[in-house]
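Working through the structure, step by step
Each chain, written out:
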Amino acid sequence: QVQLVESGGGLAQPGGSLRLSCAASGSIFSIYVMGWYRQAPGKQREWVASRTSGGSTNYADSVKGRFTFSRDNAMSTVTLQMNSLKPEDTAVYYCRVGGPQGWYNYWGQGTQVTVSA
């Protein structure tokens, strides 16, 4: 079992920045990959970015160059620095973790990000 707690969401203006954090606890020894997903109103949850324990980081095209994913070496805390925010970034952001075989079905409570003038 892994518990995930996201924090750091809020309201930002277009072009602004927010920083999200996710703290993992429990069976963190089993974590191979950590990532962020988001779900906008009326849309399916989508993958945003992820990073493996080996340091391989990938981003969705929609956020590439604007979002930066970082983690501590213990793979227990990750952050998502979001710059140059756009209204279409408005969503509930969720942290997710997985093992070598794929994503686990653990989700945090999510944190709301709203980008609006």
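Because the structure is predicted, anything quoted here is derived from the model rather than measured. (Residues numbered from 1 in each chain as written. Predicted model: local features only at pLDDT ≥ 70, side-chain atom pairs only at ≥ 80, totals over all residues. Heavy atoms only, no water.)

**A closer look at the state of the cysteines**
- This model, assessed by the stated rule, comprises 1 disulfide.
- The partner cysteine of C22 in its disulfide is C95, sulfur to sulfur 2.1 Å. Because the sign of the S-S torsion sets the handedness, a value of about -85 degrees for the bond joining C22 and C95 places this disulfide among the left-handed ones. Pair noted here: C22 is in strand β3 (residues 18–26) and C95 is in strand β9 (residues 91–99), with a separation of 73 residues, a long-range link. By the burial criterion, C22 is buried, and C95 matches it. (Disulfide = S-S within 2.5 Å. Helix = DSSP H or I, 4+ residues; strand = E, 2+ residues; numbered from the N terminus. Buried < 20%, exposed > 50% of the residue type's maximum accessible area, 1.4 Å probe, protein only.)

**Considerations on unusual backbone geometry**
- For S84, which is not glycine, the phi torsion reads 50 degrees and is therefore positive.
- With respect to the secondary-structure elements, S84 resides in the loop between β8 (77–82) and β9.
- For S84, a relative accessible area of 40% corresponds to the partly exposed category.

**What about the pairing of β8?**
- Sheet topology places β3 next to β8; 6 bridges connect them, and they run antiparallel. Bridging across to β8, S21 finds its partner in T79.
- With 5 bridges connecting them, strand β7 (residues 67–71) and β8 associate as antiparallel partners. Counted as the bridge partner of F67 is M82 from β8. (Pairing = 2+ DSSP bridges.)

**Some points on the environment of G15**
- By the element assignment, G15 lies in the loop between β2 (10–12) and β3.
- For G15, a relative accessible area of 54% translates into the label exposed.
- In this structure, the C-alpha to C-alpha distance between G15 and V115, residues 100 residues apart in sequence, is 8.8 Å.
- Those residues in contact with G15 that lie beyond four places of it in its chain are S84 and L85. (Contact = heavy atoms within 4.5 Å.)

**Side note on the pairing of strand β1 (residues 2–7)**
- Burial along β1 is one-sided: the face carrying V2, L4 and E6 is buried and the face carrying Q3, V5 and S7 is not.
- Sheet topology places β1 next to β3; 6 bridges connect them, and they run antiparallel. Counted as the bridge partner of S7 is S21 from β3.

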